[in-house]
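# Fold and contact review
Listed below are the residues making up each chain.
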Amino acid sequence: MRDAYHEELDSISDGLVEMARLVGSAMGRATTALLDADLTLAESVIAADEKVNNLHHELENRAIDLLARQQPVATDLRIVVTSLRMSADLERCGDLARHVAKVARLRFPESAVPNDLHPIVLEMGQLAQRLVAKAGLVISTKDVDAALELERDDDAIDALHRELFSHLLDDRWQHGIETAVDVTLVGRYYERFADHAVSVAKRVVFLVTGEHPDGFAAEAEAVPAVTAAD
């Protein structure tokens, strides 16, 4: 019985890793759809979000069932409760990828992003995808050091977000209000996607150590941040 119980806990972790893979793929495809004005790809991202939602609900139901049947304590309780929260973070990542795809669909056959901003948005998309992939690896390995790196990695997304806004606020902006709104929204979606990936990593730190990760921040200072070129 105990072995079956731990297999159920492991299956929840496996489901979270699969969610991370799905939402990372979704954001990568949504970015391509956005920059290339690819309507078919945008529609596929929007439709595929249902799979993420279904997996989220499945994991939620499985975790609640474990709470009811096994009444876990200590570390096992942290695993179940933290998994519920990570699943919610990853489900939100899927929603944000869908939002990017919806912007692409809305502006088809044109690209919602001006050509001069394509490199920034592309890099934001690549970094967001890499962050959630790293979060998935952290879920699988329970590597606290790797988890602590994600908050530093997120700084790169924040810097690109600020760069995007500097273009929007520049007096030389000539792409109109509608495009400015689109770019503002898209930048926010990437920034929030990365925040949720960081939140997942922080929850892994809590799961493993029983402590909130803020006290570990100083230990991560010397770790180099990920870049899109890595």
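Above this text you will find the structure in question.
So, how was this worked out
Residues numbered from 1 in each chain as written. Predicted model: local features only at pLDDT ≥ 70, side-chain atom pairs only at ≥ 80, totals over all residues. Heavy atoms only, no water. Helix = DSSP H or I, 4+ residues; strand = E, 2+ residues; numbered from the N terminus. Rg over C-alpha atoms; globule rule 2.2 N^0.38 Å. Buried < 20%, exposed > 50% of the residue type's maximum accessible area, 1.4 Å probe, protein only. Areas by Shrake-Rupley, 256 points an atom, 1.4 Å probe, with all protein chains shown as cover. Lys, Arg positive; Asp, Glu negative; His and termini not counted. Charge placed at Lys NZ, Arg CZ, Asp CG, Glu CD. Polar contact = N/O pair within 3.5 Å; in protein donor to acceptor, adjacent residues only side chain to side chain. Contact = heavy atoms within 4.5 Å. Salt bridge = Lys/Arg side-chain N within 4 Å of Asp/Glu carboxyl O. Patch = residues over 30% accessible without salt bridge, like charges linked within 9 Å, V, L, I, M, F, W, Y side chains within 5 Å. Core = buried A, V, L, I, M, F, W, Y, C linked by side-chain atoms within 4.5 Å. Axes fitted to C-alpha atoms, helices over the stretch in contact; angles between N-to-C directions. Parallel < 35°, antiparallel > 145°, perpendicular 65-115°, else oblique. Left-handed = near helix turned anticlockwise from the far one by under 90°. Expected span 1.5 Å × (residues − 1). Nonpolar A, V, L, I, M, F, W, Y, C, P; charged D, E, K, R; others polar.

## Quick look at the overall build of the chain
- Across its full length, the chain carries six helices and zero strands.
- For the chain, whose C-alpha radius of gyration is 19 Å, the value lies close to the compact-globule estimate of 17 Å for 230 residues.
- A total of 230 residues make up the chain; the buried ones form 48% of that total.
- Of the roughly 11,200 Å² that the chain leaves accessible, carbon and sulfur atoms contribute 52%.
- Mean positive and mean negative side-chain charge positions of the chain (23 and 41 charges, respectively) differ by 3 Å.

## Some points on the side chain of Asp89
- As for its placement among the helices and strands, Asp89 is situated in helix α3 (residues 74-107).
- Its relative accessible area of 6% is what places Asp89 among the buried residues.
- A distance of 2.9 Å separates the side chain of Asp89 from the side chain of His196, its partner in a polar contact.
- Other than its neighbours up to four places away in sequence, Asp89 contacts His196, Ser199, Val200 and Arg203.

## With respect to the pattern of salt bridges
- Scanning the entire structure with this criterion turns up 17 salt bridges.
- For Arg92, the salt bridge is made with Asp95, and the minimal N-O distance between the two is 3.7 Å. Separated by three residues within a single helix, Arg92 and Asp95 lie in helix α3, roughly one turn from each other.
- For Arg92, a relative accessible area of 32% gives the class partly exposed.
- Taking relative accessible area as the criterion, Asp95 reaches 10% and is therefore assigned buried.
- Through salt bridges that share partners, Asp49, Arg92, Asp95 and Arg98 make up one connected network.

## Regarding a nonpolar patch on the surface
- Residues Ile177, Val181 and Leu185 make up a contiguous nonpolar surface patch of about 290 Å² in total accessible area.
- Exposure remark for Val181: the relative accessible area of 43% places this residue in the partly exposed category.

## A closer look at the environment of Glu7
- Residue position: Glu7 is located in helix α1 (residues 2-36).
- With a relative accessible area of 56%, Glu7 lands in the exposed category.
- Along the sequence, Glu7 and Thr82 sit 75 residues apart, while their C-alpha atoms lie 17 Å from each other.

## Overview of the nonpolar core
- In terms of nonpolar packing, the biggest core is built from 64 residues, with Leu34, Leu90, Val121, Tyr190 and Phe193 touching the most fellow members.
- Contributing elements (two or more residues each) for this core: α1, α2 (39-70), α3, α4 (118-141), α5 (144-168) and α6 (176-209).
- Those residues in contact with Phe193 that lie beyond four places of it in its chain are Val23, Met27, Cys93, Leu96, Ala128 and Val132.
- Membership of the second largest hydrophobic core comes to six residues, among which are Leu9, Ile12, Leu66 and Val80.

## Structural notes on the packing of α4 against α6
- Between α4 and α6, the shortest axis-to-axis distance is 9 Å and the interhelical angle comes to 15°. With respect to α6, the axis of α4 lies roughly parallel. In this structure, the crossing between α4 and α6 has a hand that is left-handed. Every residue of α6 that contacts α4 at Val121, Met124, Gly125, Ala128, Leu131, Val132, Ala135, Val138 and Ile139 is listed here: Val186, Gly187, Tyr190, Phe193, Ala194, Ala197, Val200 and Val204.

## Examining α2
- For α2, with 32 residues, the first-to-last C-alpha span of 47 Å sits near the 46 Å given by 1.5 Å per residue.
- Considered for burial, the residues of α2 that qualify are Leu41, Ala42, Val45, Ile46, Asp49, Val52, Asn53, Leu55, His56, Leu59, Ala63 and Leu66.
- Phi turns positive one or two residues past the end of α2, at Gln71, with a value near 45°.

## Notes on unusual backbone geometry
- In this structure, the amide linkage connecting Phe108 to the following residue, Pro109, adopts the cis form with an omega of 10°.
- Even without glycine at this site, Lys142 takes up a positive phi of about 55°.
- Along the chain, Lys142 falls in the loop between α4 and α5.

## Looking at the packing of α2 against α3
- Contact geometry of α2 with α3 gives a least axis separation of 9 Å together with a crossing angle of 165°. The orientation of α2 relative to α3 falls into the category roughly antiparallel. The hand of the α2/α3 crossing is left-handed.
- Split by residue class, the contact of α2 with α3 holds 16 nonpolar, four polar and eight charged.

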